[in-house]
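Inside the fold
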Amino acid sequence: MNRPEELNTATHSELSQKLQDLSAPLMQQVIDAWIELKTQQPLVHIITNAVASNYVANVLLAAGASPAMIDNPFEAESFAGIASAISLNLGTPTSEQMQAMQIAAQTAQDLGKVWVLDPVGYGPILKWRSDMADALLQYHPAVIRGNASEIGALAGNQIQSKGVDSTISSESIYLQAQPLFEHAECIAISGESDFILCRSLNAVVQVNGGSDLQPKVTASGCALGALTAAYCAVSDSVAAGTVAAHIHFAIAGKKAHERANTAGSFNVAFIDEVYALNEEDLRQYTDFSILAL
Amino acid sequence: MNRPEELNTATHSELSQKLQDLSAPLMQQVIDAWIELKTQQPLVHIITNAVASNYVANVLLAAGASPAMIDNPFEAESFAGIASAISLNLGTPTSEQMQAMQIAAQTAQDLGKVWVLDPVGYGPILKWRSDMADALLQYHPAVIRGNASEIGALAGNQIQSKGVDSTISSESIYLQAQPLFEHAECIAISGESDFILCRSLNAVVQVNGGSDLQPKVTASGCALGALTAAYCAVSDSVAAGTVAAHIHFAIAGKKAHERANTAGSFNVAFIDEVYALNEEDLRQYTDFSILAL
Amino acid sequence: MNRPEELNTATHSELSQKLQDLSAPLMQQVIDAWIELKTQQPLVHIITNAVASNYVANVLLAAGASPAMIDNPFEAESFAGIASAISLNLGTPTSEQMQAMQIAAQTAQDLGKVWVLDPVGYGPILKWRSDMADALLQYHPAVIRGNASEIGALAGNQIQSKGVDSTISSESIYLQAQPLFEHAECIAISGESDFILCRSLNAVVQVNGGSDLQPKVTASGCALGALTAAYCAVSDSVAAGTVAAHIHFAIAGKKAHERANTAGSFNVAFIDEVYALNEEDLRQYTDFSILAL
């Protein structure tokens, strides 16, 4: 367990115990969320990029959610109104999608619905989308999800992103992401391990698992953002929903790698495992730690 | 066989015999259509949604057709002019695609070409596309294809659609879809069984088969709409072409499920079976009934 | 080996020897390029069509490159500025993508970066994109890549293209493509064998391999164009990079076909083999000839 050196409000052992006490309830919330996802099949309003759309839809269908890509400004308000959660992704925006995202985010805020922001490629090179990401923060996403480069840059660090893939590790950035609590309840940073900063828990949940082949399949992160929205729609808390989505992915990735070790086959196996996940898998394979912030 | 209780123009046994007499010729037309598809490789002009485009192209290539996604308003007229059939799908429309669809539909009508309308998400929540679907009806599609929620709503029923997936069964809606004969020769309603209303036959063809995993693969319906256009381009009649496309899908789905029972693998197996279908499969696995309207 | 009958500047045997002498160094350059691709993971700025985007990204990731689809006019200049190479594809252009392509091509030229043009569907039927392809030639792509119908039409021949698939063979067209040397260093024509005209070598490299299932997977050509850009970013010469990309595809296609002989499975196996290619494969399976122009 990686832990920051300064522990402000409690002695080391008290805090350690307190964090450990959160584990069992969180595990139960994750299982409950998974059951609810299968039962409720929440309708997720998704605006995502051209690279990701087919994959994101298939991942959500496999997981048990009901995805719908409605990305024009003329229908964004009414559809956000009936959706259970909203997922906005800035991968390959068009002018019409940009308008639709603003409308969907505002509608979500007005109606008190969970929405997830995925600021793909955020950084000084991609100014148009970065300005939009900044503007969308005013509508208070429940979750901001991205890789370490994106989250680091969004949190105000000077990071030179290389395209849309991260050049830094998720672990190195999570302590710097806390300013984003001003805008969102959870900040999820994907990487070899995922780190999910939770304002309500005042802690970081480190989720382990997955596969080193995951970055070889495009749009994995985009699908994870949309699945996070789906889980948050049916969870007790945004924290539990976000953690549940990341655990679903981590287990599916780990199990897929056990039977497929090249990129194309892994891609297929991953969807299979997203679909096949069951409660026993969740109990057996879930691997997370709760760390102090 | 489900049969409406009132039989207006014939005694029960006369009508029953008449419908049965249609079966053998229709089966032969389906086989002929399949042979012609492989032989002619018809060029299909497709305007479809961002989620579906890759999948639709791969399904049509696997089946033997030649798909081309030309979805800008500047080339829609000239391309519709050389295509053998046109498939228009309202899944994730952009303003430019909307213009292109109108041009393509009008060109199809002017030139007497078969075109298929897939009114994805039709209903009161998604007004922009629904208005466009209404407007496109004036160009008289040969076939309108959708799920029960969409077709029911388009036929004038008050249905609350949940996103783009159907909330009602295809069987419960087909008797209410007849007003759409004003606009189109065939109305195809996808579901656990597919129901294809054929104006020329004054009957409904119920196609059985497929797999309950089909709804777990996004864009299956979109691909079926485009394949319907391809088949209609090479068939004796719109009815035969529409039925042939649905049978091709039903058999491929059934055979794919026999060897793959999770979402990712089923997706791959389905394309394999679309590709591998042969005349023997058609004779062995085709399962349809002709019902009175 | 197919060789044109007239040999202008040398006797038959002298030229034959001269071309043969080019083989071993080219083979070594191909291997070097493959090693550099894995090592450098070049960032490729890609503007491509809706059908292809997911597949292109997955192929490039599998090969070892770092693809990023940035297709809006507001970010095209800055992103082209940090990319190692640029790939522009005219498959399903939107007005915004058209603007972005012009900006990216001009930026590439200004900064002396390699860019690849894939004039999908070029011909008299699809005038909007064809005019854009003509306009983009002024920015001097390093490579123009297409099928025989597209390259033939771009080179000024009167060819009736059938949609976006070729109606003529790559072999029949390569001798007519030389006028395109005015614009580009390499002209790559895909088909049963690929023919790569190289201005610097004053020769054509014929690459054999692949699979007859390749045309059954949509966007193969689009992915090859983007991979060509990736290879050119890390190669000694544009010729070596272009040949290396085509050899990578030819071997992966051949090996994929050995274990998958239907369209869906072949698609997955192809990505697997793009990922798994190693130096031994390159030495064992590479099959090219160098022909006089």
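Residues numbered from 1 in each chain as written. Chains lettered and ligands numbered in written order. Predicted model: local features only at pLDDT ≥ 70, side-chain atom pairs only at ≥ 80, totals over all residues.

Focus on the overall build of chain A
Along the backbone of chain A there are 11 helices and 9 strands. Among the 293 residues that make up chain A, the fraction classed as buried is 64%. Restricting the contact set of chain A to residue pairs at least 6 apart, pairs at least 24 apart contribute 72%. (Helix = DSSP H or I, 4+ residues; strand = E, 2+ residues; numbered from the N terminus. Buried ≥ 20, exposed ≤ 12 C-beta atoms within 10 Å, placed from the backbone. Contact = placed C-beta atoms within 7 Å.)

Describing the nonpolar core
As a rule of thumb, nonpolar side chains are buried together in soluble globular proteins. Judged by nonpolar contacts, the single largest core of 346 residues is most densely connected at Ala230 of chain A, Ala230 of chain B together with Ala230 of chain C. For Ala230 of chain A, the contacting residues outside a window of four places in its chain are Leu37, Pro42, Val44, Leu60, Ala63, Ala65 and Ala85 of chain A. (Core = buried A, V, L, I, M, F, W, Y, C linked by C-beta atoms within 7 Å.)

Considerations on the confidence of the model for chain A
Interpreting fine coordinate detail is not advised for predicted regions of low pLDDT. All names here are of chain A. With 93% of its residues at a pLDDT of at least 70, chain A reaches an overall mean of 93. Within the model, the stretch residues 1–7 combines pLDDT values under 50 with 11 contacts to residues more than four positions away or in other chains. Both scores are given for the predicted complex: the pTM is 0.94, the ipTM 0.93. (pLDDT = per-residue confidence, 0-100.)

Observations concerning the interface of chain A and chain C
Counting residues at the interface gives 25 residues for chain A, matched by 27 residues for chain C. Put simply, the parts of the chain that give the side of chain A that touches chain C at least two residues each are α2 (53–63), α5 (127–136) and α10 (263–276) of chain A. The dominant element in the side of chain A that touches chain C, judged by the number of residues it contributes, is α10 of chain A, at 4 residues. Here the residues of the side of chain A that touches chain C are counted per class, giving 12 nonpolar, 9 polar and 4 charged. (Nonpolar A, V, L, I, M, F, W, Y, C, P; charged D, E, K, R; others polar.)

Concerning the interface of chain B and chain A
Buried accessible area, meaning the area lost when the parts come together, often serves as the stated size of an interface. Of the residues lining the interface, 25 residues belong to chain B; the matching set on chain A comes to 27 residues. Among the elements of the structure, α2 (53–63), α5 (127–136) and α10 (263–276) of chain B are those that each provide at least two residues to the side of chain B that touches chain A. Considering every element that reaches the side of chain B that touches chain A, the biggest residue donor is α10 of chain B, with 4 residues. Classifying every residue of the side of chain B that touches chain A gives 12 nonpolar, 9 polar and 4 charged.

Here's the deal with the packing of helix α9 (residues 238–259) of chain C against helix α10 (residues 263–276) of chain C
All names here are of chain C. Orientation of α9 relative to α10, taken along the N-to-C sense of each, is 130 degrees, at an axis distance of 8 Å. Put simply, α9 runs oblique to α10. For the pair α9 and α10, the sense of crossing is right-handed. The residues of α10 that touch α9, namely those facing His248, Ala252, Gly253, Lys255, Ala256, His257 and Arg259, are Phe266, Ala269, Phe270, Glu273 and Val274. (Axes fitted to C-alpha atoms, helices over the stretch in contact; angles between N-to-C directions. Parallel < 35°, antiparallel > 145°, perpendicular 65-115°, else oblique. Left-handed = near helix turned anticlockwise from the far one by under 90°.)

Description of the pairing of strand β4 (residues 115–118) of chain A
Residues and elements named next belong to chain A. Across the two faces of β4 the burial is the same, with Trp115 and Leu117 and Val116 and Asp118 all buried. Running through helix α4 (residues 95–111), the crossover from strand β3 (residues 85–89) to the neighbouring parallel element β4 is right-handed. Read as a crossover between parallel neighbours, the route from β4 over α5 to strand β5 (residues 143–147) is right-handed. (Right-handed = clockwise from strand over helix to strand, strands pointing away.)

Observations concerning the relation of the copies chain B and chain A
Relating one copy of the chain to the other requires a rotation about an axis plus a shift along that axis. Rotating chain B by 120 degrees and translating it 0.0 Å along the rotation axis places it on chain A, where the RMSD comes to 0.0 Å. Considering both components of the superposition, the chain copies are consistent with a three-fold axis. Scanning chain B for the C-alpha nearest the rotation axis identifies Ala50 of chain B, at a separation of 3.6 Å. In this assembly, only 12% of the residues forming the interface of chain B have copies in chain A that are likewise at the interface, indicating a heterologous arrangement. (Least-squares fit on C-alpha atoms with pLDDT ≥ 70 in both.)

Here we look at the sheet that holds strand β6 (residues 186–190) of chain C
Residue and element names in this part refer to chain C. The strand order β2-β1-β3-β4-β5-β6-β7-β8-β9 describes an open sheet built from 9 strands, whose pairing is mixed. Taken across any chain shown, the strands that pair with only one partner, and hence form the sheet edges, are β2 (66–69) and β9 (288–292). Neighbour-to-neighbour, the strand axes of the sheet open up by a mean angle of 20 degrees, direction not taken into account. Pairing of β6 with strand β7 (residues 194–198) involves 4 bridges; the strand directions are antiparallel. Each bridged residue has a counterpart across the sheet, and for Ile187 the counterpart in β7 is Leu197. Relative to strand β3 (residues 85–89), helix α8 (residues 220–232) is tilted by about 160 degrees, and along the sheet it contacts β1 (43–47), β2, β3, β4 (115–118), β5 (143–147) and β6. (Pairing = 2+ DSSP bridges.)

Quick notes on the packing of helix α8 (residues 220–234) of chain A against helix α9 (residues 238–259) of chain A
Residues and elements named next belong to chain A. As a packed pair, α8 and α9 sit with axes 8 Å apart at the nearest point and diverge in direction by 135 degrees. Here α8 lies oblique to α9, going by the angle between them. The two elements α8 and α9 meet at a crossing, and its hand is right-handed. Between α8 and α9, the contacting residues are Leu224, Leu227, Thr228, Tyr231 and Cys232 on the first element and Val238, Gly241, Thr242, Ala244, Ala245, His246, His248 and Phe249 on the second.

Some remarks on the environment of Ile35 of chain C
Structurally, Ile35 of chain C is set in helix α1 (residues 12–40). Between the alpha carbons of Ile35 of chain C and Ser289 of chain C there is a distance of 22 Å; along the sequence they are 254 residues apart.

Remarks on helix α4 (residues 95–111) of chain B
Residue and element names in this part refer to chain B. End to end, α4 covers 25 Å across 17 residues, agreeing with the expected 24 Å (1.5 Å per residue, within 8%). Restricting attention to buried positions, one finds in α4 the residues Gln97, Met98, Ala100, Met101, Ile103, Ala104, Ala105, Thr107 and Ala108. The secondary structure elements touched by the buried residues of α4 are β1 (43–47), α3 (76–82), β3 (85–89), β4 (115–118) and α5. Positioned one or two residues after α4, Gly112 has a phi angle of 70 degrees, which is positive. (Expected span 1.5 Å × (residues − 1).)

Here we look at the sheet that holds strand β6 (residues 186–190) of chain B
In sheet architecture, strand pairing relies on hydrogen bonds along the backbone and comes in two forms, parallel and antiparallel. All names here are of chain B. Taken in spatial order, the 9 strands line up as β2-β1-β3-β4-β5-β6-β7-β8-β9 in an open sheet, and their pairing is mixed. Edge positions in the open sheet fall to β2 (66–69) and β9 (288–292), since each of these has one partner strand only. Direction aside, neighbouring strands of the sheet carry axes that sit 20 degrees apart on average. Bridging between strand β8 (residues 203–207) and β9 involves 5 bridges; their strand directions are antiparallel. Paired with Val207 across the strands is Phe288, a residue of β9. Contacting β1 and β2, α2 runs over the sheet at an angle of about 160 degrees to β2.

Things to note about the relation of the copies chain A and chain C
Expressed as a screw operation, the relation of chain A to chain C combines 0.0 Å of axial shift with a rotation of 120 degrees, fitting to an RMSD of 0.0 Å. Here only 12% of the contact residues of chain A are again contact residues in chain C; the copies associate through non-equivalent surfaces.

Thoughts on the environment of Val30 of chain C
All names here are of chain C. Mapped onto the elements of the fold, Val30 is located in helix α1. Assessed through the 24 C-beta atoms surrounding it within 10 Å, Val30 is described here as buried. Between the C-alpha atom of Val30 and that of Gln138, which follows or precedes it by 108 residues, the distance is 29 Å. Ignoring anything within four residues of it in the chain, the contact list for Val30 reads Ala240, Val243, Ala244, Ile247, Leu282 and Thr286.

A look at the environment of Ala80 of chain A
Residue and element names in this part refer to chain A. Summarising the element assignment, Ala80 is placed in helix α3 (residues 76–82). Residue classification places Ala80 among the buried positions, given that 25 C-beta atoms sit within 10 Å. When the C-alpha positions of Ala80 and Ser172 are compared, they lie 35 Å apart, and in sequence the two are 92 residues distant. With residues up to four places along the chain from it excluded, the contact list for Ala80 reads His45, Ile86, Ala104, Thr107 and Ala108.

Considerations on the pairing of β4 of chain B
Residue and element names in this part refer to chain B. By the bridge criterion, 4 bridges tie β3 to β4 in an arrangement that is parallel. Residue Ile86 lies in a different strand from β4, and its bridge partner there is Trp115. Bridge count between β4 and strand β5 (residues 143–147): 2 bridges; the pairing is parallel. Among the inter-strand pairings, Val116 is bridged to a residue of β5, identified as Val143.

Looking at unusual backbone geometry
Residues other than glycine seldom take positive phi values, yet Gln41 of chain A does so here, at roughly 45 degrees. With respect to the helices and strands, Gln41 of chain A occurs in the loop between α1 (12–40) and β1 (43–47). Positive phi, close to 75 degrees, is recorded for Ala219 of chain B, a residue that is not glycine. Mapped onto the fold, Ala219 of chain B is located in the loop between β8 and α8 (220–234).

Description of α5 of chain A
Residues and elements named next belong to chain A. Every buried residue of α5 is listed here: Arg129, Ser130, Met132, Ala133 and Leu136. Summarising the axial view, the buried residues of α5 lie within an arc of 160 degrees, below the 170-degree limit, and thus occupy one face. Where α5 is buried, its residues meet β3, α4, β4 and α6 (148–154). (Arc of directions from axis to C-beta.)

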